Amino acid sequence: MTTTVTPIRQSASSTDESRLALTAVEYFAGIGLFRMGLEAAGWRVVFATDWSAERAQMYEGFFGESYEVRDVFSLSPDTIPQATLATCSFPCIDLSLAGKQQGIHGKHTGAFWGFCGLLEEQGEASPPMVLLENVHGWLYSNEGEDFYATAKALNDLGYACDVFTINARSFVPQSRPRVFMIGAKGEIWKERSARSRSKRLMPTKLKELIHAADDIDWMHLDISEPPLDLSHGFSSDIVEDLSVDSSRWWSREKVDKHLAMMSPKHRKTVETMAECDQESQRTFFRRRRPAGQRAEVRSDDIAGCLRTAVGGSGKQFMVSAGDGTIRMRTLTAREYARLQGVPDSYSIVANSERQSLSAFGDAVCVPAVTWIAEELLIPLAHRLARLQQ
């Protein structure tokens, strides 16, 4: 699939100087939140690509320029400029615990192999660093074999790997755990002994997979503990101030329907909120349970993990209650953007709410990327530059 755009690009014959600068190529770019996070840390994206024209539209709304709308398997390495870093937020649908788990060779997630093919074709011109990101299902898919296959593929391309988990909750009031893998070229990175890390950075499952894959060339970078998880901030920092007569608020009938879908525990949470003098907000999802469809409300002041807005459980909703009243509605696109750390100064350009909610639900958390860039990627890039002098 292709379409004509005005892409971000510099000449493929970039100098060695640009190769050692803080430059990046953004694969599976989506709406550009990797770019947004990297730019906040001083990086420059010199090329970006994804297959979705809808995502490209929103990307252009953010940055004033679009990218190559093309399937990764149809890209030519000759059109991709040299850079220090390649980011790869490859499709999660076949890895997600909520999906069909067809794995790394599935119809969607298998696009990862297109990324690897491009790196192989680029040869010595491929970036000296790569950064992969995906859901926690990556660790469990096919009993860990897909995680191993990913690391092995990077090894075969000359990259030693480090891997860790970060929850967006360290930076924004959204619970969004994700796995990140950094690859760097060169024998100097390879180490066999893992350094001690907390379960926040290395949960038990990840540690087990690393120890089991003793034939993988791992590297273990110095990494600080992320900021402490937020316990509040949704009501105060995320919720838009909509008037009580806004059309976004559901009808009384629809509110009552969702109250009836709540278990006694969740309904009690809402009723307690309504009894307070001051109005407060909580997020909730609709979920399929053995007893039927349920509306499940968070008991804390953060949001659940944003998802693509497909199906009955895809969208995230909000209940606002206090002073004897209970109101409900779907979260807005701007609230989704704030939950991903996108400043309000960025315009949201989309044809529909479904488009924008799905795009934000499928993206990365901007400040989490900035933290990784400052904590790990920049020191790594500087060390590479010293080695090549």
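Cut-off values and rules
- Residues numbered from 1 in each chain as written.
- Predicted model: local features only at pLDDT ≥ 70, side-chain atom pairs only at ≥ 80, totals over all residues.
- Heavy atoms only, no water.
- Pairing = 2+ DSSP bridges.
- Helix = DSSP H or I, 4+ residues; strand = E, 2+ residues; numbered from the N terminus.
- Contact = heavy atoms within 4.5 Å.
- Axes fitted to C-alpha atoms, helices over the stretch in contact; angles between N-to-C directions.
- Core = buried A, V, L, I, M, F, W, Y, C linked by side-chain atoms within 4.5 Å.
- Buried < 20%, exposed > 50% of the residue type's maximum accessible area, 1.4 Å probe, protein only.
- Salt bridge = Lys/Arg side-chain N within 4 Å of Asp/Glu carboxyl O.
- Lys, Arg positive; Asp, Glu negative; His and termini not counted.
- Polar contact = N/O pair within 3.5 Å; in protein donor to acceptor, adjacent residues only side chain to side chain.
- Phe/Tyr/Trp six-rings, centres within 6.5 Å; stacked < 30°, edge-to-face > 60°.
- Lys NZ or Arg CZ within 6 Å of the ring centre and 35° of its normal.

Talk me through the sheet that holds strand 7 (residues 177-185); I want residue IDs and the actual numbers.
Pairing is mixed in the open sheet, where 7 strands are placed in the order 3-2-1-4-5-7-6. Only two strands of the sheet have a single neighbouring strand rather than two, namely strand 3 (68-69) and strand 6 (159-167). Here 9 bridges tie strand 6 to strand 7, and the two strands are oriented antiparallel to one another. Across the sheet, Tyr 159 pairs through a bridge with Lys 185, a residue of strand 7. Relative to strand 5 (residues 129-134), helix 4 (residues 112-122) is tilted by about 180°, and along the sheet it contacts strand 1 (23-27), strand 4 (85-88), strand 5 and strand 6. Of the strands in this sheet, strand 5, strand 6 and strand 7 are in contact with helix 6 (residues 145-156), which crosses strand 6 at around 140°.

Before we move on, can you summarise the nonpolar core with the specific residues and values?
Generally speaking, a soluble globular protein has its nonpolar side chains buried in company with each other. If you look at the biggest cluster of nonpolar residues, it comprises 64 residues, and the most contacted ones within it are Leu 33, Trp 43, Phe 164, Ile 182, Phe 360 and Leu 377. For this core, the element with the highest residue contribution is helix 13 (residues 366-387), accounting for 12 residues. Discounting residues that sit within four places of it in the chain, Ile 182 has contacts with Val 130, Leu 131, Ala 160, Cys 161, Asp 162, Phe 164, Met 219, Leu 221, Leu 376, Leu 377 and Leu 380. Counting residues in each nonpolar core, the second largest holds 41 residues, with Tyr 27, Phe 47, Cys 116 and Leu 119 among its members.

Can you break down the pattern of salt bridges residue by residue, with the values?
Throughout the structure, instances matching the rule amount to 21 salt bridges. Among the ionic pairs, Asp 256 bridges to Arg 252, the shortest N-O distance being 3.1 Å. On the criterion of helical spacing, the pair formed by Asp 256 and Arg 252 is a turn pair, its members being 4 residues apart in helix 9 (residues 252-260). In this structure Asp 256 comes out as partly exposed when scored by relative accessible area, which is 39%. Looking at Arg 252, the relative accessible area reads 46%, which means it is partly exposed. A salt bridge links Arg 327 to Glu 279; the shortest N-O distance between them is 2.5 Å.

I'd love a proper account of the side chain of Lys 185, names of residues and values included.
Mapped onto the secondary structure, Lys 185 falls in strand 7. Comment: no salt bridge for buried Lys 185; closest opposite-charge side chain is Glu 124, at 5.5 Å. Polar contacts involving the side chain of Lys 185 include one to the side chain of Ser 126, which spans 2.4 Å.

Run through unusual backbone geometry, naming residues and quoting values.
Positive phi outside glycine occurs at Phe 28, with the angle close to 50°. Classification of Phe 28 by relative accessible area gives buried; the value is 13%. One non-glycine residue, Asn 142, lies in positive phi territory at about 50°. Locating Asn 142 in the fold gives a position in the loop between helix 5 (137-140) and helix 6.

An account of the pairing of strand 6 is requested, with residue identities and associated values reported.
Of all 9 residues making up strand 6, 9 are buried, and the element is well covered by its neighbours. Here strand 6 shows two buried faces, one formed by Tyr 159, Cys 161, Val 163, Thr 165 and Asn 167 and the other by Ala 160, Asp 162, Phe 164 and Ile 166.

Can you break down the packing of aromatic side chains residue by residue, with the values?
Across all of its chains, the model carries 18 aromatic pairs by this definition. Both rings, one in Trp 250 and one in Phe 317, keep their centres 5.4 Å apart while their planes meet at 65°; by these two values the pair is edge-to-face. Taken together, the residues span a long stretch of sequence, with Trp 250 in the loop between helix 8 (234-238) and helix 9 and Phe 317 in strand 10 (residues 317-322) at a distance of 67 residues. Relative accessible area serves as the criterion here: at 2%, Phe 317 is assigned to the buried category. Through a chain of ring-to-ring contacts, the aromatic side chains of Tyr 27, Phe 90, Phe 112, Trp 113, Phe 115, Trp 138, Phe 147 and Trp 218 assemble into a single cluster. Positioned above the aromatic ring of Trp 249, the side-chain terminus of Arg 329 is 5.0 Å from the ring centre.

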